[in-house]
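Observations on chain architecture
The lines below spell out each chain.
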Amino acid sequence: MKSLIRLSAALMMTAAVAVSCFEEGETVSKKKYDALDAAYKELKDDHQKVQADYVKSNEELSAILEELAEVSSKTTSLKADVEKGRARMTQAEQISSRITTLKERISQLEKEVKLDNASNKALKETIRQMTDLVDRQEQELAGLKDEISHKNKTISAQKDTIERRDKTIESQKSVIEQQNEELQRTVAQQAMMLFQAGVDLEELADQSPEVKWKKNKEKVADMQKSIYKKAMEYYRAAEAQGYTPATARIASLKSKI
């Protein structure tokens, strides 16, 4: 602002000198006039440049403040998401990128306005406050990143534990299924063996020798009946274990007992 005032004063003085010369009727050489005119134009250009720089600085300051408010809002939202357990590291990285850009813009603004101890104190104080606020935002974001990282590691560890448990359960399930299949094969084999034993006994009883004496016939008949009953036990055992051919043999054997 003081630069603007000094340049305005210089313009006024230059214009006043030119006017006074003409009022007093002095003859000014073309060379002197051109030099004076050039000086006037240079001062005018500097004045316009200072004005433009001042407007530009204030526009940039306003834009930075708006971006800072937006970053603060995003950080607050991220903190709420962290508390609810739904925050993502990508959110934090996006905010971090914006903070980095903000710091660069503030630093560039400080260079452009060329601050000193005597001028633009209000602007200097505003920039200092913005810098402090950005630093606090950066520190808070760093804390949120650590918390997100910790929670992600916890979730990852829990996921690994669940996956290991699932693999163990799946492995145990496979072993049980295999054992069950082996058991079924064993049962089926046993049922077939029982059935075959019943067939062998039934055929053995069928082949009982014929005898003439009554007592011998009774003994042979009793022995044959006993063998048939044993064959029936094997058939029933085989049927109980799911061997379906045994059912027909049971029905047939009943007529022999």
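Everything quoted here is computed from the prediction, not taken from an experiment. Sequence order sets the numbering: in each chain, residues are counted from 1 along the sequence as written. Given that the model is predicted, a residue must reach a pLDDT of at least 70 before its local features are reported, and side-chain atom pairs must reach 80 or more before they are shown or counted; all residues, however, enter totals for whole chains, interfaces and linings. Side-chain figures throughout are based on the complete set of non-hydrogen atoms in the structure, without hydrogens or water.

1. Here we look at the overall build of the protein
Put simply, the rule reads: The helix count covers DSSP runs of H or I at least four residues long, the strand count covers runs of E at least two residues long, and both are numbered beginning at the N terminus. When a residue's accessible area, from a 1.4 Å probe over protein chains only, is under 20% of the maximum for its type it is buried; when over 50% it is exposed; and in between it is partly exposed. Whether two residues touch is decided by their heavy atoms; if any such pair falls within 4.5 Å, the residues are in contact. Surface accessibility follows the Shrake-Rupley procedure with a 1.4 Å probe radius. Residue values consider only the protein chains on display as shielding.
Regarding its fold elements, the protein presents six helices and zero strands. Ordered by position in the sequence, the α and β elements of the protein form the string α-α-α-α-α-α. The buried share of the protein, taken over its 257 residues, is 20%. Nonlocal contacts in the protein, meaning residues at least 24 apart in sequence, comprise 73% of its contacts between residues at least 6 apart. Accessible area of the protein: about 18400 Å², with a carbon and sulfur share of 53%.

2. Some details on a negative patch on the surface
Basically, it comes down to this: Only residues whose relative accessible area exceeds 30% and that form no salt bridge enter a patch; like-charged residues are grouped when within 9 Å of one another, and nonpolar side chains (Val, Leu, Ile, Met, Phe, Trp, Tyr) when within 5 Å. Each salt bridge in this description consists of a side-chain nitrogen of Lys or Arg and a carboxyl oxygen of Asp or Glu lying within 4 Å of one another. Neither His nor the chain ends contribute to the count of charged residues, in which Lys and Arg are positive and Asp and Glu negative. Every charge is mapped to an atom, namely NZ of Lys, CZ of Arg, CG of Asp or CD of Glu.
On the surface, Asp160, Glu163, Asp166, Glu170, Glu177, Glu181 and Glu182 cluster together to form a negatively charged patch. Residue position: Glu181 is located in helix H4 (residues 121-206).

3. Quick word on the packing of aromatic side chains
Basically, it comes down to this: To pair, rings of Phe, Tyr and Trp, with the six-membered ring standing in for Trp, must have centres within 6.5 Å; the planes then decide the type, stacked if under 30 degrees apart, edge-to-face if over 60, and tilted in the middle.
Summed over the entire model, instances satisfying the criterion amount to two aromatic pairs. Taking 5.6 Å as the distance between ring centres and 45° as the angle between the ring planes, the aromatic pair formed by Phe195 and Tyr235 counts as tilted. Placement of Phe195 in helix H4 and of Tyr235 in helix H5 (residues 214-240) is noted, with a sequence separation of 40 residues between them. By relative accessible area, Phe195 is classed as buried at 11%. The class of Tyr235 is buried, set by a relative accessible area of 0%. For the ring pair Phe195 and Tyr243, a centre distance of 5.1 Å and an interplane angle of 50° mean the geometry is tilted. Of this pair, Phe195 sits in helix H4 while Tyr243 sits in the loop between H5 and helix H6 (245-254), placing them 48 residues apart in sequence.

4. Here we look at the packing of H4 against H6
The condition that has to hold: To get an axis, fit a line to the C-alpha atoms, keeping to the stretch in contact for a helix; angles then go from 0 to 180 degrees between the N-to-C directions. Working definition: roughly parallel below 35 degrees, roughly antiparallel above 145 degrees, roughly perpendicular at 65 to 115 degrees, and oblique for all remaining angles. Take the far helix as your reference; a near helix turned counterclockwise from it by less than a right angle gives a left-handed crossing, and one turned clockwise gives a right-handed crossing. Here the term charged refers only to Asp, Glu, Lys and Arg, the term nonpolar to Ala, Val, Leu, Ile, Met, Phe, Trp, Tyr, Cys and Pro, and the term polar to all other amino acids, Gly among them.
Closest axis-to-axis distance for the H4/H6 pair is 11 Å, and the angle between their directions is 25°. Compared by their axis directions, H4 and H6 come out roughly parallel. The element H4 and its partner H6 pack so that their crossing is left-handed. Along the contact surface, H4 presents Phe195, Val199 and Glu202, while H6 presents Pro245, Ala246, Arg249 and Leu253. Residues that form the contact of H4 with H6 fall into these classes: five nonpolar, no polar and two charged.

5. Things to note about the nonpolar core
For the record, the criterion: The criterion is simple. A nonpolar core is a set of buried Ala, Val, Leu, Ile, Met, Phe, Trp, Tyr and Cys residues joined through side-chain atoms within 4.5 Å.
Judged by nonpolar contacts, the single largest core of 20 residues is most densely connected at Leu78 and Met130. Breaking this core down by element, the ones donating at least two residues are helix H2 (30-84), helix H3 (89-113) and H4. No other element matches the seven residues that H4 contributes to this core.

6. Concerning H6
Here is the rule we go by: When we speak of the arc, we mean the arc of directions from the helix axis to the C-beta atoms.
All of the buried residues along H6 are Ala246, Ile250 and Leu253. Looking straight down H6, one finds its buried side chains confined to an arc of 70°; they lie on one side. Away from its buried face by more than 90 degrees, H6 exposes Ala248 and Ala251.

7. A short note on the side chain of Glu202
Defined as follows: Nitrogen and oxygen atoms within 3.5 Å of one another constitute a polar contact, given that in protein one can donate a hydrogen and the other can accept it, and given that sequence-neighbouring residues count only through two side-chain atoms.
Mapped onto the elements, Glu202 comes out in helix H4. Polar side-chain contacts of Glu202 include one of 2.6 Å to the side chain of Tyr235. Within the structure, the side chain of Glu202 is placed 2.9 Å from the side chain of Lys256, a separation counted as a polar contact. The contact partners of Glu202, leaving out residues within four places of it in the chain, are Tyr228, Ala231, Tyr235, Arg249, Leu253 and Lys256.

8. Examining the side chain of Asp81
Relative to the helices and strands, Asp81 is located in helix H2. For Asp81, a relative accessible area of 13% gives the class buried. Here Asp81 is in contact with Arg86, Ala87 and Gln91, once residues within four sequence places are set aside.

9. Notes on the confidence of the model for the protein
Selection rule: For every residue, the pLDDT score states the predictor's confidence, bounded by 0 at the bottom and 100 at the top.
Taken over all residues, the pLDDT of the protein has a mean of 79, while the share at 70 or more is 73%. Per-element confidence in the protein is highest for H6, whose mean pLDDT is 93, and lowest for helix H1 (residues 2-23), whose mean pLDDT is 42. Contacts from residues 1-28, a stretch scored under 50 in pLDDT, to residues over four places away or in other chains number 27 contacts.

10. Notes on the pattern of salt bridges
Applying the stated criterion across every chain, the model contains twelve salt bridges. Between Asp132 and Arg128 there is a salt bridge, with the nearest N and O atoms lying 2.7 Å from each other. Linking Asp132 with Arg128, this pair stays in helix H4, spanning four residues, or about one helical turn. Residue classification places Asp132 among the partly exposed residues on the basis of a relative accessible area of 29%. One salt bridge in this structure joins Glu233 and Lys230, with 3.2 Å as the shortest N-O distance. Pair noted here: Glu233 and Lys230 are both in helix H5, with a separation of three residues, about one helical turn. Because the salt bridges share partners, they merge into one network encompassing Glu202, Asp206, Arg249 and Lys256.

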